[in-house]
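What follows is the residue order along each chain.
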Amino acid sequence: MQNTELVQEKKNFDFVDTIRCIAMMGIVFEHSVYSGTYIFDSFSLKHIVYISLIQLSKFGTIAFFVLAGFLLGSKFVSYSSWQYFKRRLSTVFVPWLIWSSIFITVVLIQQYIVLKDKFDLRQLLPEKLKMTYLYTNYWFIINFLFCIGLLLIFKRFLYKWWLGVIFLLFSLTYSVNVYFEWYTPSHTTAIFGFVFYLWLGAMLNKNWVYIEQKLKHISYPVIIILFILSFVCSVWDSMNLINLQSSDPYNTLRISNIFYSLITIFLLLKIKNFGFTKYLKPRETTFGVYLIHYILVTNLLPEIFRPFKLPQIQDMSLAGMFAYVCCRFMIVYGTTLLLIWGISKSRAKWIIGRT
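Residues numbered from 1 in each chain as written. Predicted model: local features only at pLDDT ≥ 70, side-chain atom pairs only at ≥ 80, totals over all residues. Heavy atoms only, no water.

1. Some points on the overall build of the chain
Per the secondary structure count, the chain includes 14 helices and zero strands. In terms of overall size, the chain behaves like a compact globule, its C-alpha atoms giving a radius of gyration of 21 Å where 355 residues would be expected to give roughly 20 Å. When its C-alpha atoms are laid out on the principal axes, the chain stretches across 65 × 45 × 45 Å. A burial count over the chain gives 51% of its 355 residues as buried. (Helix = DSSP H or I, 4+ residues; strand = E, 2+ residues; numbered from the N terminus. Rg over C-alpha atoms; globule rule 2.2 N^0.38 Å. Buried < 20%, exposed > 50% of the residue type's maximum accessible area, 1.4 Å probe, protein only.)

2. Examining the packing of helix α8 (residues 161–180) against helix α9 (residues 195–206)
Contact pair α8 / α9: the axes reach a minimum separation of 8 Å and the direction vectors enclose 150°. One element, α8, and the other, α9, form an angle in the roughly antiparallel class. α8 and α9 meet at a crossing whose hand is left-handed. Facing Trp161, Leu163, Gly164, Phe167, Leu168 and Ser171 of α8, the residues of α9 in contact are Val195, Phe196, Tyr197, Trp199 and Met203. Tallied by class, the residues present in the contact of α8 with α9 amount to nine nonpolar, two polar and no charged. (Axes fitted to C-alpha atoms, helices over the stretch in contact; angles between N-to-C directions. Parallel < 35°, antiparallel > 145°, perpendicular 65-115°, else oblique. Left-handed = near helix turned anticlockwise from the far one by under 90°. Contact = heavy atoms within 4.5 Å. Nonpolar A, V, L, I, M, F, W, Y, C, P; charged D, E, K, R; others polar.)

3. Some words on the packing of helix α10 (residues 208–216) against helix α12 (residues 255–271)
The N-to-C vectors of α10 and α12 enclose an angle of 90°; their axes lie 10 Å apart at closest approach. In this view, α10 runs roughly perpendicular relative to α12, as classed from their interaxial angle. Here Trp208, Ile211, Leu215 and Lys216 of α10 lie close against α12, whose contacting residues are Phe266, Leu269 and Lys270. Here the residues of the contact of α10 with α12 sort into five nonpolar, no polar and two charged.

4. Things to note about the packing of aromatic side chains
All told, the structure shown has 30 aromatic pairs when counted by the stated rule. With centroids separated by 6.0 Å and ring planes inclined at 70°, the aromatic side chains of Phe65 and Phe144 adopt a geometry described as edge-to-face. Residue Phe65 is located in helix α3 (residues 60–73), and its partner Phe144 is located in helix α7 (residues 139–153); the two are separated by 79 residues in the primary sequence. The class of Phe65 is buried, set by a relative accessible area of 0%. These aromatic residues form a ring-pair network of at least three members: Phe64, Phe65, Phe140, Phe144, Phe194 and Tyr290. Positioned over the ring face of Tyr159 is Lys206, at 5.5 Å from the centre of the ring. (Phe/Tyr/Trp six-rings, centres within 6.5 Å; stacked < 30°, edge-to-face > 60°. Lys NZ or Arg CZ within 6 Å of the ring centre and 35° of its normal.)

5. Considering the environment of Pro95
Counting through the fold element by element, Pro95 comes out in helix α5 (residues 81–115). Taking the C-alpha atoms as reference points, Pro95 and Trp350, separated by 255 residues in sequence, lie 7.5 Å from one another. In this structure Pro95 touches Ser90, Phe287, Leu291, Trp350, Ile351, Ile352 and Gly353, once residues within four positions along its chain are discounted.

6. Regarding the nonpolar core
In this structure, Tyr50, Phe65, Tyr197, Leu198, Trp199 and Tyr333 are the most contacted members of the largest nonpolar core, which totals 110 residues. Ranked by residues supplied to this core, first place goes to helix α1 (residues 2–33) with 12 residues. (Core = buried A, V, L, I, M, F, W, Y, C linked by side-chain atoms within 4.5 Å.)

7. Digging into the layout of surface pockets
Taken as a whole, the largest pocket spans an internal volume of roughly 1300 Å³. Lining the largest pocket we find 50 residues, and of these His31, Tyr34, Ser35, Tyr135 and Tyr294 sit closest to its centre. Those elements that place two or more of their residues in the lining of the largest pocket are α1, α3, α7, α8, α13 (282–305) and α14 (318–344). The residue makeup of the lining of the largest pocket, split by class, is 28 nonpolar, 16 polar and six charged. (1 Å grid on protein atoms, 1.4 Å probe; cavity = no way out; pocket = protein on both sides within 12 Å on 5 of 7 lines; lining within 4 Å. Points joined across faces, edges and corners; volume = space filled by probe spheres on them.)

8. Brief notes about α13
Between its terminal C-alpha atoms α13 stretches only 29 Å, short of the 34 Å expected from 24 residues at 1.5 Å a residue. Of all the bends found along α13, the most pronounced is centred on Val289 and spans about 40°. A large share of α13 lies buried, amounting to 17 of its 24 residues. (Expected span 1.5 Å × (residues − 1). Bend = angle between axes of the 7 residues up to and from the residue.)

9. Some points on unusual backbone geometry
Here Glu181, not a glycine, exhibits a phi torsion of approximately 55°, which is positive. As for its placement among the helices and strands, Glu181 is situated in the loop between α8 and α9. Backbone geometry places Gln245, a non-glycine residue, at a positive phi of 60°. Within the secondary structure layout, Gln245 lies in the loop between α11 (220–243) and α12. Given a relative accessible area of 57%, Gln245 falls into the exposed group.

10. What to know about the confidence of the model for the chain
On average, residues of the chain carry a pLDDT of 89, and 94% of them reach 70 or more. Taking the mean pLDDT of every element in the chain, the minimum, 67, falls on helix α4 (residues 75–78) and the maximum, 97, on α11. Long-range and interchain partners of residues 1–12, a stretch whose pLDDT sits below 50, account for seven contacts in this model, where long-range means more than four residues apart. (pLDDT = per-residue confidence, 0-100.)

11. Comments concerning the pattern of salt bridges
Under the counting rule described, the total for this entry stands at six salt bridges. Glu212 is the partner of Lys272 in a salt bridge, and the nearest nitrogen-oxygen pair spans 2.3 Å. On the criterion of sequence distance, the pair formed by Lys272 in the loop between α12 and α13 and Glu212 in helix α10 is long-range, its members being 60 residues apart. For the pair formed by Lys272 and Glu212, the shared burial category is buried. (Salt bridge = Lys/Arg side-chain N within 4 Å of Asp/Glu carboxyl O.)

12. Let's talk about the side chain of His47
Relative to the assigned elements, His47 resides in helix α2 (residues 45–56). Given a relative accessible area of 3%, His47 falls into the buried group. A distance of 3.0 Å separates a polar atom in the side chain of His47 from the backbone oxygen of Ser42. Not counting chain neighbours up to four residues away, the residues in contact with His47 comprise Phe40, Ser42 and Ile242. (Polar contact = N/O pair within 3.5 Å; in protein donor to acceptor, adjacent residues only side chain to side chain.)

What follows is the structure in structure tokens.
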């Protein structure tokens, strides 16, 4: 009986790692597509396609937290709170610190090349530190560790529904603020906004046998229709927020995007097996992709496309825009994987980390 449970647990970890890999692809694709918020003059077909491409990948961040919560759920029982958090610091915090520092260094080098004699490190360094740790994807690792710490504080109540309700209310507070903007709806203000999804992942792990059976009884047409409806509602929601001149119409914690993300996660959990991901070695590469890809998006892509003198994305044809963003994604994702595979064969493989 014990061996069966261990096999089942390993099986769960395998398919969750696979789906998390797909979620990470979504995050990379979103960063590859996004070229600005208010770059179109009106809601032309091209603008709607642009919004749709961003929305298609917008499940990635919530999925990252839910699936990370699934994977860490059972480990909470195996380690003391301090042991577990110390383990996370070595596998998450240290690699994050290294790659975020590399990102800052590359940005400063670029600034030095552009500014030359006007380059002022004392002025630029605090500026770039603030930008990196508050306004890029590196912020979410700070948030992720904070959420883990919060769950560890309430470890004895982890599987209590009332705790989840409290976390959900925190998240929905940020969701409502997206529409009313009582304060700036930036992800940096949503420090408590994502802990619910980490908790939800832990609950999925605990109740997986029951949930898996329920998913089997939901037909594909039903869940696909729900996926399409939630996607359309999310695109409409962003369009409405753009009309209202929202400061963040693509906000991850929009209510429509929460539904879209959760339905997408359950659709992926229902499909469960994605053969192509086995070649990507999800458990070894997923976190490394997150850490490295943004450096390539912001620093490599502009240099690759600069000689081609391409028009701005809003001035491209619809087909040209689609080809351009897909090309950006393939360059970033492919190059990132090559870097990770190279690093993983060296003694420095620990810098790739693991969530």
